[in-house]
Amino acid sequence: LIMTPGIAFFYCGMVRRSSLISMLIQSFSIMGIIIILWTVVGFSLAFGDNWDSDGLIGNPSTFGFLRNVGAAPNPILCPTFPMTVFAFFEMAFAVITPALIIGSVAERAKFNSLMIFVVFWHLLVYCPIAHMEWHPDG
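What counts and how
- Residues numbered from 1 in each chain as written.
- Predicted model: local features only at pLDDT ≥ 70, side-chain atom pairs only at ≥ 80, totals over all residues.
- Heavy atoms only, no water.
- Phe/Tyr/Trp six-rings, centres within 6.5 Å; stacked < 30°, edge-to-face > 60°.
- Helix = DSSP H or I, 4+ residues; strand = E, 2+ residues; numbered from the N terminus.
- Buried < 20%, exposed > 50% of the residue type's maximum accessible area, 1.4 Å probe, protein only.
- Patch = residues over 30% accessible without salt bridge, like charges linked within 9 Å, V, L, I, M, F, W, Y side chains within 5 Å.
- Areas by Shrake-Rupley, 256 points an atom, 1.4 Å probe, with all protein chains shown as cover.
- Salt bridge = Lys/Arg side-chain N within 4 Å of Asp/Glu carboxyl O.
- Core = buried A, V, L, I, M, F, W, Y, C linked by side-chain atoms within 4.5 Å.
- Contact = heavy atoms within 4.5 Å.

Draft legend 1. Highlighting the packing of aromatic side chains. Under the defined criterion, the tally for this structure stands at 13 aromatic pairs. On the basis of an interplanar angle of 45° and a centroid distance of 5.2 Å, the ring pair of Phe43 and Phe63 is categorised as tilted. Of the two residues, Phe43 is situated in helix H2 (residues 20-47) and Phe63 in the loop between H2 and helix H3 (83-101); the sequence distance between them amounts to 20 residues. Look at Phe43 and Phe86: their rings are 6.1 Å apart centre to centre, the planes differ by 70°, and that puts the pair in the edge-to-face class. With Phe43 in helix H2 and Phe86 in helix H3, this pair connects stretches of sequence that are 43 residues apart. Residue classification places Phe43 among the buried positions, given a relative accessible area of 0%. Given a relative accessible area of 8%, Phe86 falls into the buried group. Through successive ring pairs, a cluster of aromatic residues spans Trp38, Phe43, Phe47, Phe63, Phe81, Phe86, Phe89, Phe93, Trp121, Tyr126 and Trp134.

Okay, structure coming up:
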């Protein structure tokens, strides 16, 4: 998660002085929103059991609120290390991806609109693609 402040400072070097605080707030707000979304439902959508027969998205009740995620390894997802480590490792990717997106809208997007976009983008784009690419049954 140290990558997100790093990318925030990188973007601050690319914007005008008047937008510096805005970029920092956007980056750190995105980090907070995605951490909450990932904990509540994102990890389950990305790595839960298939919700449909096509393997497009995971079942939100499998790991919702990180239920069934503990110190024991998961034989399918992470057979050699604790499931908690796996969940937080994958969360780092979930956090940095929208933080990279804000660089394309620096100084051009309103804060509220950007936060709403990030929520929908995470739930409707990132989680299904993560499930299809990284889940063994996706």
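Draft legend 2. Geometry of a nonpolar patch on the surface. Judged by side-chain polarity, Leu56, Ile116, Phe120, Leu124, Val125, Ile129 and Met132 come together as a nonpolar surface patch covering roughly 650 Å² of accessible area. One can find Met132 in helix H4 (residues 111-134). Judged by relative accessible area, which is 36%, Met132 ranks as partly exposed.

Draft legend 3. Quick look at the nonpolar core. Counting residues in each nonpolar core, the largest one holds 36 residues, and the members touching the most others are Trp38, Phe43 and Met83. Broken down by secondary-structure element, the contributors of at least two residues to this core are helix H1 (3-12), H2, H3 and H4. No other element matches H2, which puts ten residues into this core. Not counting residues within four places of it along the chain, the set of residues in contact with Phe43 comprises Trp38, Gly48, Phe63, Leu66, Val69, Met83, Phe86 and Ala87.

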